[in-house]
Amino acid sequence: MKFSKLRVVGFKSFVEPMEFIIGDGLTGVVGPNGCGKSNLVEALRWVMGENSYKNMRASGMDDVIFSGSLNRPARNTAEVILYLENPDRTAPQAFNDADMLEVSRRIERESGSNYKVNGKDVRARDVQLLFADASTGARSPAMVRQGQIGELISAKPTARRQILEEAAGISGLHSRRKEAEMR
Ligand code: ATP
Ligand code: MG
């Protein structure tokens, strides 16, 4: 699976629909302080299933919705869509029936958020597992936040182990086992 495009609408500072093409090789995002670089990475993490608003530098999940500026009113919804190419059909079985995967998450003020894969409603859990299996999950070491290196150094052993498990691609297995044990 390969990320090919990110579409962001009404998320944090991205009030107008914005499409970010992710090409082959290295992609750099540059710009002055406060222009939205971290917001863009947060949009990516959010659509992959991040459920901690603290990890989104917010004081509630509704804070990811554009909150208005001097000349623009606040929005009531935010949406992020991540487009994945799946030409080798390496996506987890449940989603492996197409060459393209479109993963979307939409939030409405005071109503929470919902996820879709290729237009079908899915649980947050399904999206989290999709990425956990590909070792790219919202908490994976593939996404390094500002300040995260410092946190890693001072982390408790159990928290550090979780990061290593995600890197080894086995955190999806653990989650599935927990789910199976609860049934
Ligand atoms: P730096 O180079 O300092 O790391 P950055 O490019 O990473 O900056 P961000 O942190 O992504 O910048 O963007 C911060 C901006 O996003 C601030 O101006 C903040 O007001 C704005 N912002 C954050 N959340 C919202 C929101 N819900 N609605 C509108 N604007 C928001
Ligand atoms: Mg930043």
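Just so we're clear, the structure is a prediction, and the values are computed from it rather than from any experiment. (Residues numbered from 1 in each chain as written. Chains lettered and ligands numbered in written order. Predicted model: local features only at pLDDT ≥ 70, side-chain atom pairs only at ≥ 80, totals over all residues.)

1. Topic: the overall build of the chain
Regarding its fold elements, the chain presents 5 helices and 6 strands. Going residue by residue from the N terminus, the α and β elements of the chain occur as β-β-α-β-β-β-β-α-α-α-α. On C-alpha atoms alone, the chain measures out to a radius of gyration of 17 Å, which is about the 16 Å that the 2.2 N^0.38 rule sets for 183 residues. Projected onto its principal axes, the C-alpha coordinates of the chain cover approximately 50 × 40 × 40 Å. Here the chain, with 183 residues, has 23% of them falling under the buried criterion. (Helix = DSSP H or I, 4+ residues; strand = E, 2+ residues; numbered from the N terminus. Rg over C-alpha atoms; globule rule 2.2 N^0.38 Å. Buried ≥ 20, exposed ≤ 12 C-beta atoms within 10 Å, placed from the backbone.)

2. As for the UniProt feature "binding site: ATP" (unreviewed entry) in the chain
Sequence positions flagged by UniProt for "binding site: ATP" (unreviewed entry) are, in local numbering, Pro32, Asn33, Gly34, Cys35, Gly36, Lys37, Ser38 and Asn39. Structurally, Cys35 can be placed in the loop between β2 (18-21) and α1 (37-47). On the basis of neighbour counts, which here come to 12 C-beta atoms within 10 Å, the residue Cys35 falls in the exposed class. For Gly36, a count of 18 C-beta atoms within 10 Å puts it in the partly exposed group. Each residue touching Gly36, except ones within four places of it in the same chain, is listed here: Ser13 and Phe14. (UniProt positions renumbered as here; feature names shortened; annotations may be inferred. Contact = placed C-beta atoms within 7 Å.)

3. A few points about unusual backbone geometry
Positive phi, normally seen in glycine, also occurs at Lys12, with a value near 45°. Within the secondary structure, Lys12 is located in the loop between β1 (2-9) and β2. Lys12 sits in the buried class, given 23 other C-beta atoms within 10 Å.

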